Every structure is written in C-alpha cells, then in structure tokens.
Amino acid sequence: MRLNSLYRCLSPKIPTTHLNIRRFLSLGPEEYQRQSEIFISEQKRQRESLGRIEKIDIQYEGPPENCNFVMNKNISTPYDCAKHLGEKFKNGSVVALLNKNHLWHMHKPLPDSCILELLHYQIPNPHVVNKVFWRTCSFLLGAVVSDAFKENVEVHLHSFPSPSVKSGSFVYDVQLNLDNWDPTKTELKVLSLEFIKFCQKEQTIEYLDVDKNIALEIFKNNPHKTKQIPDIAAHNGDKITLFKVGPHIDISRGPMLPNTNHLGRVTVTNVIKLNTDIEGSPVYRFQGVALPKVINLNHFAYGLIEERGKILNAGRIPNDHGTLNEDNSFVAQVN
Amino acid sequence: MNQAEVTKLISQLKISPPTRLRKFRTPRGPEGRLDTLRKTVTALVKHERLELNRARALEARMYTERLISDAIRYGDCHKTTMEMADYWLIEKQLVHKLFKVLVPRFENYNIACTRIFYVPRNMTDPRYSKAVLELRGNPYPSLVRDTSSNKNLIHNILLEEAKKAYRTKKYAEIAAKIDAVESTVGLENPTTTESDGNK
C-alpha cells in the first residue's frame, strides 16, 4: 500500500540522491520479511526450550464469577483464560492484572500461579487501561507510517514519548528525508484511512522478550533504534521487549492491546516538524486521536477532540543527548 | 366566541405521538386492540420493565404516558381520571400505586416518565423486532452504561482537555483585545499632552 496522493504531492521535493539509497531503507517487503523471520524463529526457539509442561493454578476474580483455572506454565496466556469465560471476555478484555498490582499483556505467557483480573474500558477507574490504549495507538501509528510512504521516501521510526491521554493526542516521532513537509488535509485523510484499514485487519499484537543481540539484529537498519537498544537493555536486565503486529515490530515496555480491532474511530490529526539536534533528515511528529470501539461518541464531540489533537503535543521531544526511560521515551540526563 | 384551544384540552405529553394509531389484528376490532393494550399498560405499571414487540411497546407507551400525566395533573379526586385509571389498570391495587407511588415520583420530571430501548434484531429471525419499555426510576440495574458521569473514561478526559485548550485560546484573545485597547489609549494621551505643550 503506497499513498499515491502523498507521492504526487511529495515527489517534486525529493532530491534525486535519495533514490540511490532505496535499497538500504528500513522498510519494504524484504526488510519486513527479514525482521519477521528472526522474530518467529526466536519465538519458536523459546517455545521449544520450555521442556516438560508444568501446570499452574490461576485464580480468576471478577465477573461472571470467581473461578480457578489449571493452565500450562509459560504457555497459557490471560487470553486463554478469557477464552474459557466467553466471547465477551475474550474480545473485550484490554489487559490483565496479576496479583492486583502487575499489568500483563493478554498474549504474554503466565510464568506462575497468580490471581488474575481482566480489565476493560468501562471500569470505574480506567486510568491504566487508557494508558495501554494510548500506547498501542502510538505503536500502531508507527506501523502505519512506516508502510504508508512511497519507496523513495526514507522512513526511520525514532520513538514515542510516554503515553499521556491528557496531552490530547498520541504521538510517534519519525525521521523522514523530506524538507519542510507540511501535510495537506488530503494527505492526513489518506493517512487516517490507512490507519483504519490497518486496524480492520484485526491482527493480534504479539509479545516477545528477546536478548539484546537479537534486537540489534532485527533493528540493524534503523540507526535510532540501534542506539536506543543498549540503553533499554541496561535498564531491563539485558532483555528487550518486542511487540509485533502484522509484519511490523517495535520496542516498547508494554503492555499493549491484544488486537487491533479494539480501535474504533481513528484520525491522524497532524504532522509537525520538530526542532531537534538529531543528525540527518528532519524529524516529524505524527499525531493522532482515537477512541475504543466500545465507546460511542457523536461526531461533533469527536470533532472537538480532533481539533485539540492538531496542537503540537507537549510530549518530550527526542534529541541526541538523552537516555531512555522504561517507556521507550527519552529523558534528559541529569548530572 | 370564547372557544377553548383544542390542543390545550389534554395535557401535552413529553413524547411525540405518531400521527396514526397502529392496528393490531384482533377479531374484536378496536375494542380488542384496547384490551391487549390494557394488559400491557397494567403489566408496565406493575413490573416497571417489559420486553415487548416493538409496535406494542410504542403503542402502550403513549397510553401509559397519558395515564400518568393525567394522574399528576388532576390528582385522585378527579372523577374522569379515576375512571380512566380504573379502565386501564386491570388489577385494582395498581390504582393505589399510580397515585401514591408514580405520581410523587414523576411530579417534577422534565422528561418523559417512560423510556424505550430497541433490542437489536435477531439476524436469524428478523421478523420480530423487540423493544424494552420501562418506567424511569425503576429499581432494576440500568440497561445502558453510564458513560458521561465518569470523568476518567478516555473520551471524557479528551473532551476535558479540548475544553481547556479552547478556554486558554479564548482568554488569550480577550487579553490581546484588552492590550490593544490599552495601547491605543496609551498612545493617545501623550500626543494630546504634547499638543497642549506646543500650544
């Protein structure tokens, strides 16, 4: 999927020298395939290394009734438990809460016996759920942006700041080799449509913990992620948490939504050029707003939210001199 | 001469009644139609929430609204109202409920005292479209989720932020206007004093 409208508008501005490096871009089907192959083989290796299957006792608390599940250690996920509860819980649960204090991705295998709760969008205090939703939106925006442009536009995903619903929009910072690109309304609309189409594929969001070296191998063509990985690994016990949706893989602390079909209305509201000291091409901040499918809002109210989403997000602007906090966002170094 | 306006003769309902009444197929004609509706109205006053066929629910709703609004308007010492209550409520103990329970409940309502929800159609058998008819203020758990009062829901947070952004924009505009007025006033004064000095 390439945006013809985007291409038409942008192609005159693109210097011809960039066309030569097309082969080395971090995107395109070959790159996606290479990344996926590494991801899948590592996933397979981890599954096979489990050995003898042990049973764990999961104590489920919540509607329709409290019950106990006997599940497989390091194989069963909260999603498997939700399957036993019914379709409503299978499709509506956003994130699992273990032992009442630990958020857990729905597709992440459970390592031990625990108390399990499943959270959804309409719980009395959905602060954490909103954060998970917003983080996933950022992650998916990265997936959409990396596939939306023509092949002669060089796209390097940088990072996204810690998700904050109060900032009014979710964000992904992306390096593009376009000078002074000011997106038109049509281009934003096309991006939004790409986003919606991407969500309609109903892809599961997979989870994998990998070693630093494997992560470096996966992101070897992305200069920013390659720089970030050692920092993240140092704070995370030499492990990198990866999430995969469709062919797209990204680093994030998580947790994320279990599936892209949770998203209802989605809009890419604005793309703003940032002032940073990152080398190379300019960095653009892609912003968007979204609502879960279960929350219905009339178009006028949603229009207000969209208008608000056009203002530059106050999230941390990435630069060359910063370390990463656990949420894959940059924090200035304090000496 | 002094004819009363026809529309003011009966109390105005808070729902919009249809222009035509629905016919129900009964062998006993219009009387049979009212008999079926009497059963529904009685059951609604008794149970406060019913699942019905959509047409029956919409029709019974009008008669219930009329009955309750008359009861509120005229009270229990009005002969005609009492006769109507006697006709519509087959179980006579419900007449007491109408005047002693429902009238105090709905006296100060600005909205209709009944509420209707369309039940999603069953795709395997789409002939019957159902609806749920209920009296407001019933003791059952709500059928719809309350999405407006919880400020922590994601859309409410986003709307709140949109409101804040709009307000700051407006305040900035007002401040700019005041500054502009003050600056023009400030410019005028020195010129006048200078001209005075020159004189």
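Residues numbered from 1 in each chain as written. Chains lettered and ligands numbered in written order. Predicted model: local features only at pLDDT ≥ 70, side-chain atom pairs only at ≥ 80, totals over all residues. Heavy atoms only, no water.

### Comments concerning the overall build of chain B
To keep things clear, this is the line we draw: In DSSP terms, a helix is any run of H or I states spanning at least four residues, a strand is any run of E spanning at least two, and both are numbered starting from the N terminus. When accessible area is computed with a 1.4 Å probe and restricted to protein chains, residues below 20% of their type maximum are described as buried, those above 50% as exposed, and intermediate ones as partly exposed. Whether two residues are in contact is decided by their heavy atoms: any pair within 4.5 Å suffices. The protein chains shown are the only cover counted for residues, whose accessible areas, like all others here, come from Shrake-Rupley with a 1.4 Å probe.
A count of helical and extended segments in chain B gives 5 helices and 3 strands. The helix and strand sequence of chain B, counted from the amino end, reads α-β-α-α-α-β-β-α. Among the 199 residues that make up chain B, the fraction classed as buried is 32%. Look at the contacts in chain B between residues 6 or more apart in sequence, and 65% of them connect residues 24 or more apart. Working note: accessible area of chain B is about 13,900 Å², and carbon and sulfur atoms make up 55% of it.

### Notes on the pattern of salt bridges
To keep it simple, the criterion reads: Salt bridge criterion: a side-chain nitrogen from Lys or Arg within 4 Å of a carboxyl oxygen from Asp or Glu.
The final tally for this structure, using the stated rule, is 26 salt bridges over all chains. With a shortest N-O distance of 3.1 Å, K92 of chain B and D86 of chain B are connected by a salt bridge. For K92 of chain B, a relative accessible area of 41% puts it in the partly exposed group. Among the ionic contacts, a cluster of salt bridges with common partners joins E31, R34, E217 and K220 of chain A.

### Points about helix α2 (residues 29-48) of chain A
All names here are of chain A. Condition: Here a helix's expected span is defined as the number of its residues, less one, multiplied by 1.5 Å.
Taking 1.5 Å per residue as the helical rise, α2 with its 20 residues ought to reach 28 Å, and the 28 Å between its terminal C-alpha atoms agrees with that figure. Those residues of α2 lying buried are E31, Y32, R34, Q35, S36, I38, F39, E42 and Q43. Of the surrounding secondary structure, the elements contacted by the buried residues of α2 are α5 (127-148), β8 (205-211), α7 (212-218), β9 (239-245) and β10 (248-251).

### Considerations on a nonpolar patch on the surface
Convention followed: To count toward a patch, a residue needs a relative accessible area over 30% and no salt bridge; like charges are then connected within 9 Å, while nonpolar side chains (Val, Leu, Ile, Met, Phe, Trp, Tyr) are connected within 5 Å.
Nonpolar side chains collect at one region of the surface, where L50, I53 and I75 of chain A lie side by side and expose about 240 Å² of accessible area between them. For L50 of chain A, a relative accessible area of 33% puts it in the partly exposed group.

### Here we look at the sheet that holds strand β1 (residues 55-60) of chain A
All names here are of chain A. Convention followed: Note on pairing: DSSP must find at least two bridges between two strands before they are called paired. Lines fitted to C-alpha atoms define the axes, with helix axes restricted to the stretch in contact, and inter-axis angles between N-to-C directions lie between 0 and 180 degrees.
If you trace the 5 strands from one edge of the open sheet to the other, you get β2-β1-β5-β3-β4, paired in mixed fashion. Pairing within the sheet leaves two strands with one partner each, and these edge strands are β2 (67-72) and β4 (102-104). Between one strand axis and the next, the sheet turns through 35° on average, direction left out of account. Lying on the sheet, helix α3 (residues 78-85) is in contact with β1, β2, β3 (95-98), β4 and β5 (114-119); it crosses β2 at an angle near 135°.

### Some thoughts on the interface of chain A and chain B
One widely used convention gives an interface's size as the accessible area the parts lose upon coming together. Using the following cut-off: Here the quantity called buried area is the total loss of accessible area, with a 1.4 Å probe, experienced by two parts when brought into contact, counted for both. Here a polar contact is recorded for every N or O atom pair within 3.5 Å, except that within protein the pair must consist of a potential hydrogen donor and a potential acceptor, and residues adjacent in sequence are included only if both atoms are side-chain atoms. Amino acids are sorted into nonpolar (Ala, Val, Leu, Ile, Met, Phe, Trp, Tyr, Cys and Pro), charged (Asp, Glu, Lys and Arg) and polar (every other residue, Gly among them).
Across the boundary between the two partners, chain A contributes 23 residues, which contact 13 residues of chain B. Taking both sides of the interface into account, the surface hidden between chain A and chain B amounts to around 1,500 Å²; carbon and sulfur atoms contribute 72%. Our count for the contact surface shared by chain A and chain B stands at 0 salt bridges. Our enumeration of links across chain A and chain B arrives at 4 residue pairs in polar contact (both at pLDDT 80 or more). Where the side of chain A that touches chain B is concerned, the elements lending two or more residues are α5, β12 (283-292) and α9 (299-309) of chain A. For the side of chain A that touches chain B, the element with the highest residue contribution is α9 of chain A, accounting for 4 residues. For the side of chain A that touches chain B, the class distribution of residues is 16 nonpolar, 5 polar and 2 charged.

### Focus on the pairing of β2 of chain A
All names here are of chain A. The pairing of β1 with β2 spans 6 bridges and is classified as antiparallel. Of the residues in β2, the one forming a bridge with D57 is V70. What sits between β1 and β2 in their antiparallel hairpin is a turn of 6 residues, with G62 showing a positive phi close to 135°.

### Examining unusual backbone geometry
For the bond from P63 of chain A to P64 of chain A, the omega torsion is -5°, close enough to zero to count as cis. Within the secondary structure, P64 of chain A sits in the loop between β1 and β2. Cis geometry is adopted by the peptide bond preceding P255 of chain A, which originates at G254 of chain A and carries an omega value of -10°. The backbone of E202 of chain A sits at a positive phi, close to 55°, despite the residue not being glycine. For E202 of chain A, the location among the structural elements is in the loop between α6 (185-200) and β8. The phi torsion at E48 of chain B lies on the positive side, around 70°, for a residue other than glycine.

### A few points about the side chain of T136 of chain A
All names here are of chain A. Examined against the element boundaries, T136 turns out to sit in helix α5. Using a relative accessible area of 0% as the deciding quantity, one classes T136 as buried. With residues near it in sequence (within four places) discarded, T136 still touches I205, M256 and L257.

### Describing the pairing of strand β3 (residues 130-135) of chain B
Residues and elements named next belong to chain B. Counting buried residues in β3 gives 5 out of 6 residues, a clear majority hidden from the surface. As paired elements, strand β2 (residues 114-118) and β3 share 5 bridges and run antiparallel to each other. Looking at the pairing, T114 lines up with L135 of β3.

### Focus on the sheet that holds strand β11 (residues 263-273) of chain A
One key point about sheets: their strands pair by backbone hydrogen bonds, in either a parallel or an antiparallel sense. Residue and element names in this part refer to chain A. Read from one edge to the other, the open sheet built from 4 strands follows the order β6-β7-β12-β11, with strand pairing classed as antiparallel. With partners counted over all chains shown, the strands left at the sheet margins are β6 (155-159) and β11, one partner each. Ignoring which end each strand starts from, the neighbouring axes of this sheet average 30° apart. Inspection of the sheet shows strand β7 (residues 170-176) paired to β12 by 6 bridges, in the antiparallel sense. Looking at β12, one finds that F170 is bridged to G288. Along the sheet face, α6 touches β7, β11 and β12 and points at about 140° away from the line of β11.

### Examining the confidence of the model for chain A
All names here are of chain A. How we decide: For every residue, the predictor reports its confidence as pLDDT, a number between 0 and 100.
Averaged over all residues, the pLDDT of chain A equals 86, while 87% of them reach at least 70. For residues 7-26, every residue scores under 50 in pLDDT, and the model assigns this stretch 27 contacts once sequence neighbours within four places are set aside. Low pLDDT (under 50) marks residues 328-335, which in the prediction has 26 contacts with non-local residues, meaning those over four places away or in another chain.

### Notes on the packing of α5 of chain A against α6 of chain A
All names here are of chain A. This is how it is decided: Angle categories are assigned with fixed cut-offs, so that under 35 degrees is roughly parallel, over 145 is roughly antiparallel, 65 to 115 is roughly perpendicular, and the rest are oblique. Take the far helix as the reference: if the near one is turned anticlockwise from it by less than a right angle, the crossing is left-handed, and if turned clockwise, right-handed.
Orientation of α5 relative to α6, taken along the N-to-C sense of each, is 115°, at an axis distance of 10 Å. One element, α5, and the other, α6, form an angle in the roughly perpendicular class. Every pair of crossing elements has a handedness; the one defined by α5 and α6 is right-handed. Along its contact with α5, which presents C137, L140, L141, A143, V144 and A148, the element α6 presents L191, E194, F195, F198 and C199. For the contact of α5 with α6, the per-class residue count stands at 10 nonpolar, no polar and 1 charged.

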